[in-house]
Amino acid sequence: MSTSLTAKLLHDLRSPLNQIIGYSELLVEEGTAPDDIQKIRAAGQRMLALIEENFTSAQDSDAYVEITHADDDVATPLFQQSAVAPGLLLVVDDDPANRDVLSRRLKRQGHDVRTASSGAEALQLVREAAFDLVLLDIMMPDMDGYEVLRHLKADVRLQHIPVIMISALSEVQSVVRCIEAGAEDYLAKPFDPTLLKARIGASLEKKRGRDRESVLFEQLQDNYKRLQEVEKLRDDMRNMIVHDLRTPLTAMIVGVEMLEKNGALNASQQQLMTIASGGGRTLLGMINDLLDVEKMESGATQLQYEELSASKLVADAVAQVASLAADGETKLVTEVALDLPPFAGDAGKLTRTLVNLIANAIKFTRVGTVTISATRDDADSVRFAVRDTGAGIPSEAFGRIFEKFGQLDAKSRVGTGLGLAFCKLAVEAHGGRIEVESTMGSGSTFSFTVPIVALR
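Given the structure is predicted, the values throughout are model-derived calculations rather than measurements.

Caption draft 1: Geometry of the overall build of the chain. Along the backbone of the chain there are 12 helices and 12 strands. With 456 residues in all, the chain has 42% of them scored as buried. Here the analysis covers contacts within the chain between residues at least 6 apart in sequence; of these, 70% occur between residues at least 24 apart. Carbon together with sulfur atoms contributes 55% to the accessible area of the chain, which is approximately 24900 Å² in total.

What follows is the structure, encoded as structure tokens:
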């Protein structure tokens, strides 16, 4: 007998046996079945065993063993199935009796059950309702279970629904084909009630676990989007406030400086005006730092390229901080190589970078030497360095000090923590890199490179 003919005969024999055994079991479970019903069920089980013995190959028997009831009146549970919340299930089978037996069994387990008599009807139903599980018969006319499964798994809206394939056959090739196509599980008719409940429960638990993950992921995305919106609102408001502070602050600084120059002030008053003017300029510098850092982070700042000289950059930066060194006992030394070529860059941004680094070195050195150098780093870049003889920086703080509002530690809150953040952004905007080297007790060296690029 050919393989295809054997498969068809097996299907045709097992289908009515599924109905006989299924209806018998339903009656037995109700507790009102006469002895004759139990004998009918036992006879059906024996007939099924004979079919398996004579028509199923040894290979298939070893690879897929179906669990069946014993011939006694009460089946012994193979394991204790944990309670599973009921779901909305779709039973797809072209045989009305098969649909009825399985539906009644599932309803007894507490599930809400819908049925479909064809693959086309099943696909229409799953698009209209949110099913938790589909029990899909394989051998159906027009569109078999394999094709229905393929349509379900190809649709992004439906592919998350678990599918248990149902067949009157237990062939290994059929099982493998279904699992590889995306089926959650495979059951052969007639069903063992305990096994059926266990497989459905496991599939529903997996599906609900995936659903919970999807909901949590969507909530995470939504919360992240809201956080971004709140942060943007905060940044916009802060920038607006900070920007609006510059106008009255500038007016105050100008007024104080005019009083210093034109007012008839005694020595004490002159000292107070100088302190007020210096404080105002410090505050204005902080505001400008914050606005510039925000613009550079958002990519809104455009570099104003011009041809630059390393020696002039160093000289201009030193001139701006010379008074800071004069106030203390810090000596400024410059070392600029004579063979450095001109290069394109933003003079304002790079000069300010040097000023920030030199000012920091003076601030933390107090007594000692700050050396500003410019050398040829390699064939393609110039290296600027600011070396001091101060207390040094612990290595664990190297990354933190370049962050916005970053501080060396909780005790040394000197400045806003914006200066080095600005330096990093300005250097990287030029295509360079900024680094720090330090040994505790022996000072620190901040250096950055600028590519040697000709002005276009």
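Caption draft 2: Broad picture of the environment of Phe422. Inspection of the secondary structure puts Phe422 in helix H12 (residues 419-429). The class of Phe422 is buried, set by a relative accessible area of 0%. Expressed as a C-alpha distance, the spacing of Phe422 and Asp292, which sit 130 residues apart in the sequence, is 7.4 Å. Not counting residues within four places of it along the chain, the set of residues in contact with Phe422 comprises Asp292, Val293, Met296, Lys349, Arg352, Thr353 and Asn356.

Caption draft 3: Region of interest: helix H5 (residues 119-128). Buried within H5 are the following residues: Gly119, Ala122, Leu123 and Val126. Looking straight down H5, one finds its buried side chains confined to an arc of 100°; they lie on one side. The elements touched by buried residues of H5 are strand E1 (88-92), strand E2 (112-116), strand E3 (133-137) and helix H6 (145-154).

Caption draft 4: Representation of the sheet that holds E1 within the structure. The 5 strands are arranged E2-E1-E3-E4-E5 in an open sheet whose pairing can be described as parallel. Either end of the sheet is taken by a strand with one partner, and the two such strands are E2 and strand E5 (185-188). Neighbour to neighbour, the strand axes of the sheet diverge by 20° on average, direction disregarded. Strands in contact with H5 are E1, E2 and E3; relative to E2, the strand with the most contacts, it is inclined by about 140°. Contacting E3 and strand E4 (163-167), H6 crosses the sheet at an angle of about 175° to E4.

Caption draft 5: Structural view of the packing of H5 against H6. Put simply, H5 and H6 touch, their axes get as near as 10 Å, and they point 20° apart. The angle between the axes of H5 and H6 places the two elements in the roughly parallel class. The handedness of the crossing between H5 and H6 comes out as right-handed. Touching Gly119, Leu123 and Val126 of H5 are Val148, His151 and Leu152, all from H6. Residues of the contact of H5 with H6, tallied by class, amount to 4 nonpolar, 2 polar and no charged.

Caption draft 6: View of the nonpolar core. Formed by 37 residues in total, the largest nonpolar core has its most connected members in Phe343, Leu354, Ile358, Phe384 and Phe448. Of all elements in the fold, only helix H10 (310-327), helix H11 (347-365), strand E9 (367-378), strand E10 (381-388), H12, strand E11 (434-439) and strand E12 (443-451) reach the threshold of two or more residues within this core. Among the elements that make up this core, the one with the highest residue count is H11 (9 residues). Those residues in contact with Phe343 that lie beyond four places of it in its chain are Glu306, Glu307, Leu308, Ala310, Leu313, Leu350, Val382, Phe384, Val450, Pro451, Ile452 and Val453. By size, the runner-up hydrophobic cluster in this structure holds 25 residues, among which are Leu88, Val126, Val134 and Ile138.

Caption draft 7: Main features of the side chain of Lys349. Counting through the fold element by element, Lys349 comes out in helix H11. Apart from residues lying up to four places away in sequence, Lys349 is in contact with Met296, Thr301, Leu303, Phe422, Ala426 and His430.

Caption draft 8: Representation of the packing of aromatic side chains within the structure. By the definition in use, this model includes 3 aromatic pairs. Where Phe402 meets Phe446, the ring centres are 6.1 Å apart and the plane angle is 70°; that geometry is what we call edge-to-face. Remark: Phe446 occurs in strand E12 and Phe402 occurs in the loop between E10 and H12; sequence separation between them is 44 residues. By relative accessible area, which is 11% here, Phe402 ends up buried. On the basis of relative accessibility, which here comes to 9%, the residue Phe446 falls in the buried class. An aromatic cluster is built from Phe343, Phe384 and Phe448, whose rings are joined through pairwise contacts. The aromatic ring of Tyr146 is capped on one face by Arg177, whose charged end is 3.6 Å from the ring centroid. The ring of Phe422 has Arg352 sitting right over it, with the charged end atom 4.2 Å from the ring centre.

Caption draft 9: Local environment of the packing of helix H9 (residues 267-298) against H12. At their nearest, the axes of H9 and H12 sit 10 Å apart, and the two run at 40° to each other. Judged by the inter-axis angle, H9 sits oblique to H12. Note on packing geometry: the crossing formed by H9 with H12 is left-handed. Across from Asp292, Val293, Met296 and Glu297 in H9, the residues of H12 making contact are Phe422, Leu425, Ala426 and Ala429. Within the contact of H9 with H12, the residues separate by chemical class into 6 nonpolar, no polar and 2 charged.

Caption draft 10: Up close: the pattern of salt bridges. Evaluated as defined, the whole model comprises 15 salt bridges. Where Asp132 meets Lys207, a salt bridge forms, and the shortest distance between an N and an O atom there is 3.3 Å. Linking Asp132 in the loop between H5 and E3 with Lys207 in helix H8 (residues 193-262), this pair joins segments that are 75 residues apart in sequence. Of the two residues, Asp132 and Lys207, neither departs from the other in class, the shared state being buried. For Glu184, the salt bridge is made with Lys206, and the minimal N-O distance between the two is 3.5 Å.

Caption draft 11: Representation of the environment of Ala421 within the structure. Relative to the helices and strands, Ala421 resides in helix H12. Overall, the relative accessible area of 5% leaves Ala421 in the buried class. C-alpha separation for the pair Ala421 and Phe402, spaced 19 residues apart in sequence, amounts to 4.8 Å.

Cut-offs applied
Residues numbered from 1 in each chain as written. Predicted model: local features only at pLDDT ≥ 70, side-chain atom pairs only at ≥ 80, totals over all residues. Heavy atoms only, no water. Helix = DSSP H or I, 4+ residues; strand = E, 2+ residues; numbered from the N terminus. Buried < 20%, exposed > 50% of the residue type's maximum accessible area, 1.4 Å probe, protein only. Contact = heavy atoms within 4.5 Å. Areas by Shrake-Rupley, 256 points an atom, 1.4 Å probe, with all protein chains shown as cover. Arc of directions from axis to C-beta. Pairing = 2+ DSSP bridges. Axes fitted to C-alpha atoms, helices over the stretch in contact; angles between N-to-C directions. Parallel < 35°, antiparallel > 145°, perpendicular 65-115°, else oblique. Left-handed = near helix turned anticlockwise from the far one by under 90°. Nonpolar A, V, L, I, M, F, W, Y, C, P; charged D, E, K, R; others polar. Core = buried A, V, L, I, M, F, W, Y, C linked by side-chain atoms within 4.5 Å. Phe/Tyr/Trp six-rings, centres within 6.5 Å; stacked < 30°, edge-to-face > 60°. Lys NZ or Arg CZ within 6 Å of the ring centre and 35° of its normal. Salt bridge = Lys/Arg side-chain N within 4 Å of Asp/Glu carboxyl O.

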